[in-house]
Amino acid sequence: MLRIVESFVPLIALVFFYLQNNTIKTSRYNVFNFLPLNLFEQFQRLANAYFLVLLFLQLIPQISSLAWYTTVIPLMVVLSITAVKDAIDDMKRHQNDNDVNNRSVMVVMNGRIKEDKWMNIQVGDIIKLRNNQPVTADILLLSSSEPYSLTYIETAELDGETNLKVKQAIPVTSDLEDNLELLSAFDGKVTCESPNNKLDKFTGILTYKGKDFTLDHDKLLLRGCIIRNTDWCYGLVIYTGPDTKLMQNCGKSTFKRTHMDHLLNVLVVWIFLFLGSMCFILAIGHGIWENKKGYYFQNYLPWEEYVPSSAVSAILVFWSYFIILNTMVPISLYVSVEIIRLGNSCYINWDRKMFYAPKNSPAQARTTTLNEELGQVKYVFSDKTGTLTQNIMVFNKCSINGMFYGIYFIKTNYSYVTASPGVDFSYNKLADPKFSFYDKTLVEAVKKGDRWVHLFFLSLSLCHTVMSEEKVEGKLVYQAQSPDESALVTAARNFGFVFRYRTSETIAVVEMGETKVYQLLAILDFSNVRKRMSIVVRTPEDRVMLFCKGADTILCQLLHPSCRFLRDVTMEHLDDFAIEGLRTLMVAYRELDNSFFQAWSKKHSEVCLSLENREHKMSNVYEEIEKDLMLLGATAIEDKLQDGVPETVATLNKAQIKMWVLTGDKQETAVNIAYACNIFEEEMDGMFIVEGKNNETVLQELRSARDKMKPESLLESDPVNIYLTSKPQILRIPEEVPNGNYGLIINGCSLAYALEGNLELELVRTACMCKGVICCRMTPLQKAQVVEMVKRYKKVVTLAIGDGANDVSMIKAAHIGVGISGQEGMQAMLNSDYAFSQFHYLQRLLLVHGRWSYNRMCKFLSYFFYKNFAFTLVHFWYAFFSGFSAQTVYDTWFITFYNLVYTSLPVLGLSLFDQDVNETWSLRFPELYEPGQHNLYFNKKEFVKCLVHGIYSSFVLFFIPMGTIYNSVRSDGKEISDYQSFSLIVQTSLLWVVTMQIALETTYWTTISHIFTWGSLGFYFCILFFLYSDGLCLMFPNLFQFLGVARNTLNLPQMWLSIVLSVVLCILPVIGYQFLKPLFWPVNVDKIMDRIHLCTKLPLPPPTRTKLKYASCRRSAYAFSHKQGFGALITSGKILRSRVSKKNSFLFKK
């Protein structure tokens, strides 16, 4: 499908589809759809739908045994609380949307510049963007302030890369420059592809002045990019709002619901069926009783007029019991769940240990519905740049002519401390004040004029493609295609070799205060195959010099034989650098004979004009001059990780949480970071790289990896294969255990094939057996697809964490999305469920808050179901002694207050304050996290245990009071066994039993816990005397009918005997089970708890430090750029303005 865009032509056909405005929307609701949509989402909870049906049943007087308002009021409260919470969350999204949509942008209109809002921009508008301004929409670049209409952009929000990229307008529109008259008169027509999510592809044709011009993605500026080092540029808007490639990759906002919510839906169905079967049994019993006895006692118990037979009476009683027994699924359950989730969210917001002081940024729980899910995470999908790393490169150490320079850092907690103060660079007026180095011997060598040191830093100041900007004299700003190059040039600058400016033919360097201009003869640019770059210059002394820097594996083969000893020493230093995980490269030079260079230059010029095999011929020509190099030394750059990342990853690994890194960065950099972060380890049994470029190759690589990890997984007899064959519709793949620790690396191209058809199953089986997975060169959509794949095939909880707009789709796709407020904008944080500023806070979020929330929610649900089964099922036993008449055992007010008052606070106290172990032990023993991943503490099996326990307790609570008062009399000879006294004894025994039960469940007692637990029991007796008081019963005899029952019954020894026996018989099996379970059915957590209990009696052992491990044979060498460098553009002169002299300073733009 084609898309046609015409500048300033209001075509009616385009109004509805093409000329939509630039508004974005991440919110779910608006004023009109909030009520129906929110109610629809809430009634997806089967319990809410169940109570709605129950409400309708209670409106029928023939079957209603309880007043209708006993259901409608709690239902309205639950729906209202949830709706208000959802509305508040969505209002925040609306506010964030408004902040973006109301940004200002300049629009060209009728020969003038008009300021307008982002949301009003439409397809066909021409807009003006300035330096450091974000791009408003996807626009076709028309012209810019730079020569040849080049524009420099940073795409961190799109792909996570902070290196500069170059876009260039087509020549026919470059002539428009900033002439507003010409721009207003521009009447070109763009025919292009319909909106899609492909960030690196764009196909279109510009028809202008009767000619067609081909367009590609190099002519398009995408929304989310930031203009860099370009004063201004103009562009024609092609895609707006949701049609932009950024928004196409963001994915849809979905209503996230926890696994516990899904489980509760299933359990509600089970309870409903159980409830129906009980009502059916009681209805049959009623029919039999009425047929055999009730029929003959109609003089005393007359049938209603609408009851012609016992069968009809049984049907009506079925629905009456359905209403009476509805408390098996109490609506207060959902109110309590929301309160618990809100409380645990507040704990996250209030956690001072997750507060990042430098940014004054606390942790934020942006949703209150996913807390217990934090305690069940199995897979963490992380971005790299800005999430694991700070995206800051630091010149850390170097080796020059066999001498080692640099200082070691001492690790303390999550920070590094140096053993000596930093070097003072105040003698250098052009030094970068933010640069730090801690070895004074290197500065002393520079000041003494050491020839090799000077040559080393001269090489760094010349051999690069960095651009210099000097808007204020002496204030240099470097714009580099990669952070590595910027770090190297900045290091040379601080040590006295300042790269000042460049033209297409010269490079100016201030050497120890003296400006020297070098003639630029050639740039042999970097490529992924060459893994090096060289530069040939003519010095002011008329010497022709070649400087080269690159990967040590490459440069070692190009060195002169005389450098053998120096090479060995330097390689030892490189080994030391690699052990610390530093990014290394070698530096070398060669002095060229003038006649040799002239002959080489002639050959180079001929190859440049070649039309066939140009790249291959160019490579051969480069090799002729890049040989017999003299080694100068090596550099070591630290790609600074965020504080505590390796320790956090190691801790998460101990918790059986698997880390996958999904990044748009290149493979070498991503793998290096994986080793630095402990995602990969040198002791791994194997590393698999999937880089096939077709289905067959990718399939072969995946199966080869699986064959090594688990050979039997390829056999038809393998249990998983049998399971998948027998149940092709069941997508869940059982967990497969490999025969060792393995890692997997796959690039975006291969991933595109692996995510299609049958290969997806192969990919997920192979990847999920690996300890760590690195997916590099990924688009934002592919990140989301990988997360969705794991969610689809594995019954696990996934968490995605990132800091850029390119991570939004992944964050939305995962069960839990975490945003880091970093250097790549706020989009990730605004679309996340939880947000904080440092990656290492993740371990606290999961292992402390997540685990506590999961444990508390499981205890809450187990206890809540138990206490309501015990409460409700007493009616079942009572039915056999009441002629199945649907009469309640308890006083109506007790039924009303049981969940609302009497038992609400103890269970909330348990769910908000309970801790099995404190935060220190939670972090010290990450293995405690494992039960949540397998959902061991509350599942269908645990629910059945609660049901059985509830049935047993209800049996005890009915028959023990009945036995104690059977045929018994008071001291005055009157009978005790009246209905009201029996009711009071049963309900008091019930409250004592459930209170003792929750006391057994509580492992962390606080003052509030004691007040809630024992205070609720005492409050019951206070309410009891109030409700059964003479005054209240006499004033409202229809509402309060238990006159004097409390006073007459509480002093009976039979009542207290009933309470003691009921408590003992109900609690004794629980105590026995809790004692015997660790002895006969121990799990790993029980053993760890024993260790913790042992440790609490002894002094706390010091925490073990995580040792970072790297191999000397592996280099993070020359992680320079993601694409071909700027060499060709520099030598062509296209990107450089003419030089303007200002005494000793120069103003240049990149």
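Residues numbered from 1 in each chain as written. Predicted model: local features only at pLDDT ≥ 70, side-chain atom pairs only at ≥ 80, totals over all residues. Heavy atoms only, no water.

### Thoughts on the overall build of the protein
Part 1 of the argument: A count of helical and extended segments in the protein gives 40 helices and 37 strands.
Part 2 of the argument: When burial is assessed residue by residue, the protein has 58% of its 1150 residues classed as buried.
Part 3 of the argument: When contacts within the protein are restricted to residue pairs at least 6 apart in sequence, long-range pairs at least 24 apart make up 74% of them. (Helix = DSSP H or I, 4+ residues; strand = E, 2+ residues; numbered from the N terminus. Buried < 20%, exposed > 50% of the residue type's maximum accessible area, 1.4 Å probe, protein only. Contact = heavy atoms within 4.5 Å.)

### Some remarks on the sheet that holds strand β5 (residues 138-144)
Part 1 of the argument: Here six strands make up an open sheet; going across it, the order is β3-β2-β4-β13-β5-β11 and the pairing antiparallel. For this open sheet the edge positions go to β3 (112-117) and β11 (220-221), each flanked by a neighbour on one side alone.
Part 2 of the argument: Note that strand β2 (residues 104-109) and β3 share six bridges and pair antiparallel. Bridging from a neighbouring strand, Val-108 pairs with Ile-113 of β3. (Pairing = 2+ DSSP bridges.)

### As for unusual backbone geometry
Part 1 of the argument: Backbone geometry places Glu-177, a non-glycine residue, at a positive phi of 45°.
Part 2 of the argument: Tracing the chain through its elements places Glu-177 in the loop between α5 (171-174) and α6 (180-185).
Part 3 of the argument: Phi is positive for Asp-542, which is not a glycine, with a value near 70°.
Part 4 of the argument: Residue Asp-542 is classed as exposed on the basis of its relative accessible area of 52%.

### Comments concerning helix α35 (residues 1007-1027)
Part 1 of the argument: Here α35 is 21 residues long and its end C-alpha atoms lie 29 Å apart, about the 30 Å a rise of 1.5 Å per residue gives.
Part 2 of the argument: Of all the bends found along α35, the most pronounced is centred on Gly-1015 and spans about 35°.
Part 3 of the argument: All of the buried residues along α35 are Ser-1009, Thr-1013, Ser-1016, Leu-1017, Tyr-1020, Phe-1021, Ile-1023, Leu-1024 and Leu-1027. (Expected span 1.5 Å × (residues − 1). Bend = angle between axes of the 7 residues up to and from the residue.)

### Details of the packing of helix α12 (residues 451-462) against helix α13 (residues 483-494)
Part 1 of the argument: Running from N to C, α12 and α13 point in directions that differ by 135°, and their axes come no closer than 8 Å. Classified by the angle their axes make, α12 and α13 are oblique. The crossing of α12 and α13 is left-handed. Across from Phe-457, Leu-460 and Ser-461 in α12, the residues of α13 making contact are Leu-488, Val-489, Ala-491 and Ala-492.
Part 2 of the argument: For the contact of α12 with α13, the per-class residue count stands at six nonpolar, one polar and no charged. (Axes fitted to C-alpha atoms, helices over the stretch in contact; angles between N-to-C directions. Parallel < 35°, antiparallel > 145°, perpendicular 65-115°, else oblique. Left-handed = near helix turned anticlockwise from the far one by under 90°. Nonpolar A, V, L, I, M, F, W, Y, C, P; charged D, E, K, R; others polar.)

### Looking at a nonpolar patch on the surface
Part 1 of the argument: Where nonpolar side chains cluster on the molecular surface, the patch consists of Leu-46, Val-266, Val-269, Trp-270, Phe-272, Leu-273, Val-944 and Val-948 and spans about 640 Å² of accessible area.
Part 2 of the argument: The leading source of residues in the nonpolar patch is helix α8 (residues 259-292), at five residues.
Part 3 of the argument: Among the structural elements, Val-266 can be located in helix α8.
Part 4 of the argument: Judged by relative accessible area, Val-266 falls into the partly exposed class, the value being 31%. (Patch = residues over 30% accessible without salt bridge, like charges linked within 9 Å, V, L, I, M, F, W, Y side chains within 5 Å. Areas by Shrake-Rupley, 256 points an atom, 1.4 Å probe, with all protein chains shown as cover. Salt bridge = Lys/Arg side-chain N within 4 Å of Asp/Glu carboxyl O.)

### With respect to the nonpolar core
Nonpolar side chains tend toward joint burial in soluble globular proteins.
Part 1 of the argument: By size, the foremost hydrophobic cluster in this structure holds 97 residues, and its most contacted members are Phe-860, Leu-861, Phe-865, Tyr-890, Phe-894, Phe-938 and Leu-990.
Part 2 of the argument: Sorting elements by how many residues they give to this core places helix α27 (residues 841-872) first, with twelve residues.
Part 3 of the argument: Not counting the four nearest positions on each side in its chain, Phe-860 is found in contact with Leu-333, Ser-336, Val-337, Ile-340, Val-907 and Ser-911.
Part 4 of the argument: One finds Val-423, Leu-455, Ala-480 and Ala-487 within the second-largest nonpolar core, a separate group that totals 55 residues. (Core = buried A, V, L, I, M, F, W, Y, C linked by side-chain atoms within 4.5 Å.)

### So, the packing of helix α10 (residues 332-350) against α27
Part 1 of the argument: Where α10 meets α27, the closest approach of the two axes is 11 Å, and the angle between their N-to-C directions is 160°. By the angle between their directions, the pair α10 and α27 is classed as roughly antiparallel. Here the hand of the crossing between α10 and α27 comes out right-handed. Residues Ser-332, Leu-333, Ser-336, Val-337, Ile-340, Arg-341, Asn-344, Tyr-347 and Ile-348 of α10 form the contact with α27, whose own contacting residues are Leu-845, His-849, Ser-853, Arg-856, Met-857, Phe-860, Leu-861, Phe-864 and Phe-865.
Part 2 of the argument: Across the contact of α10 with α27, the residue classes tally to eleven nonpolar, five polar and two charged.

### Notes on the environment of Ser-619
Part 1 of the argument: By the element assignment, Ser-619 lies in helix α17 (residues 614-625).
Part 2 of the argument: The sequence separation of Ser-619 and Val-529 amounts to 90 residues, and the corresponding C-alpha distance is 9.6 Å.

### Remarks on the UniProt feature "active site" (unreviewed entry) in the protein
Part 1 of the argument: Within this numbering scheme, the UniProt entry marks Asp-383 as carrying the feature "active site" (unreviewed entry).
Part 2 of the argument: If we skip the residues at most four places from it in the chain, Asp-383 touches Leu-388, Leu-662, Thr-663, Lys-783, Ile-801, Gly-802, Asp-803, Asn-806, Asp-807 and Met-810.
Part 3 of the argument: Polar side-chain contacts of Asp-383 include one of 3.3 Å to the side chain of Lys-783. (UniProt positions renumbered as here; feature names shortened; annotations may be inferred. Polar contact = N/O pair within 3.5 Å; in protein donor to acceptor, adjacent residues only side chain to side chain.)

### Structural notes on the pairing of strand β29 (residues 658-662)
Part 1 of the argument: Among the five residues of β29, five are classified as buried, and the element is accordingly described as predominantly covered.
Part 2 of the argument: Alternating residues of β29 divide into Lys-658, Trp-660 and Leu-662 and Met-659 and Val-661, and every residue in both groups is buried.
Part 3 of the argument: Sheet analysis places β29 next to strand β32 (residues 772-776), joined by four bridges and oriented parallel. Note on β32: the bridge partner recorded for Val-661 is Ile-774.

### Concerning the side chain of Thr-258
Part 1 of the argument: Along the chain, Thr-258 turns up in the loop between α7 (245-248) and α8.
Part 2 of the argument: Among the polar contacts listed, one links the side chain of Thr-258 to the side chain of Arg-341, at a separation of 3.4 Å.
Part 3 of the argument: Separated by 3.3 Å, the side chains of Thr-258 and Glu-372 make a polar contact.
Part 4 of the argument: Look past the residues within four positions of Thr-258 in its chain and what remains in contact with it is Arg-341, Thr-369, Leu-370, Glu-372 and Glu-373.

### Structural notes on the sheet that holds strand β17 (residues 403-405)
Backbone hydrogen bonds are what pair the strands of a sheet, in a parallel or an antiparallel way.
Part 1 of the argument: Taken in spatial order, the nine strands make up an open sheet running β17-β16-β28-β27-β26-β25-β24-β23-β22, and their pairing is antiparallel. Each having just a single partner strand, β17 and β22 (497-502) make up the two edges of the open sheet. The sheet shows a mean angle of 30° between the axes of neighbouring strands, direction not considered.
Part 2 of the argument: Alignment of strand β26 (residues 544-550) against strand β27 (residues 583-592), held across seven bridges, turns out to be antiparallel. Residue pairing for β27: Leu-546 is matched across the bridge by Arg-590.
Part 3 of the argument: Its contacts with the sheet place α13 against β16 (389-400), β22, β25 (532-538), β26, β27 and β28 (630-641), and it is angled at close to 50° to β16.

### Side note on the pairing of β22
Part 1 of the argument: Most of β22 sits inside the fold, with six of its six residues counted as buried.
Part 2 of the argument: The pairing of β22 with strand β23 (residues 506-511) spans five bridges and is classified as antiparallel. Residue pairing across strands places Val-498 opposite Val-510, the latter belonging to β23.

### Here's the deal with the packing of aromatic side chains
Part 1 of the argument: One pass over the full model with this rule turns up 57 aromatic pairs.
Part 2 of the argument: Considering the side-chain rings of Trp-452 and Tyr-589, the 6.4 Å spacing of their centres and the 55° angle between planes classify their relative orientation as tilted. You can see Trp-452 sitting in helix α12 and its partner Tyr-589 sitting in strand β27, a full 137 residues away along the chain.
Part 3 of the argument: A residue is classified by how much of its surface remains accessible, and Trp-452, at 26% relative accessible area, is partly exposed.
Part 4 of the argument: Ring centres 4.6 Å apart and planes at 45° place the aromatic pair Phe-955 and Phe-959 in the tilted group. (Phe/Tyr/Trp six-rings, centres within 6.5 Å; stacked < 30°, edge-to-face > 60°.)

### Points about the pattern of salt bridges
If the charged atoms of two oppositely charged side chains come close together, the side chains can form a pair.
Part 1 of the argument: All chains considered together, the criterion is met by 34 salt bridges.
Part 2 of the argument: The network of salt bridges with shared partners includes Asp-351, Lys-353, Arg-844 and Glu-919.

### Topic: the environment of Ala-49
Part 1 of the argument: By the secondary structure assignment, Ala-49 is in helix α2 (residues 46-58).
Part 2 of the argument: The exposure class assigned to Ala-49 is partly exposed, which follows from its relative accessible area of 26%.
Part 3 of the argument: Ala-49 sits 26 residues away from Leu-75 along the chain, and the two C-alpha atoms are 10.0 Å apart.

### Observations concerning the confidence of the model for the protein
Part 1 of the argument: Here the protein shows a mean pLDDT of 83. Residues at 70 or above account for 87%.
Part 2 of the argument: Overall, residues 1105-1113 carries pLDDT values under 50, and its contacts beyond four positions in sequence, including any with other chains, amount to 23 contacts.
Part 3 of the argument: A low-confidence stretch, residues 1138-1150 stays under pLDDT 50, and its non-local contacts, those more than four residues away or across chains, total 44 contacts. (pLDDT = per-residue confidence, 0-100.)

### A look at the side chain of Ser-345
Part 1 of the argument: Positionally, Ser-345 belongs in helix α10.
Part 2 of the argument: Taking relative accessible area as the criterion, Ser-345 reaches 2% and is therefore assigned buried.
Part 3 of the argument: Not counting the four nearest positions on each side in its chain, Ser-345 is found in contact with Ala-365, Thr-367, Thr-368 and Asn-371.

### Description of the environment of Ile-895
Part 1 of the argument: Within the secondary structure layout, Ile-895 lies in helix α29 (residues 892-902).
Part 2 of the argument: Look at Ile-895 and you get buried, because its relative accessible area is 15%.
Part 3 of the argument: C-alpha separation for the pair Ile-895 and Ile-324, spaced 571 residues apart in sequence, amounts to 9.8 Å.
Part 4 of the argument: Apart from the residues lying within four places of it in its own chain, the contact partners of Ile-895 are Phe-871, Thr-888 and Tyr-890.

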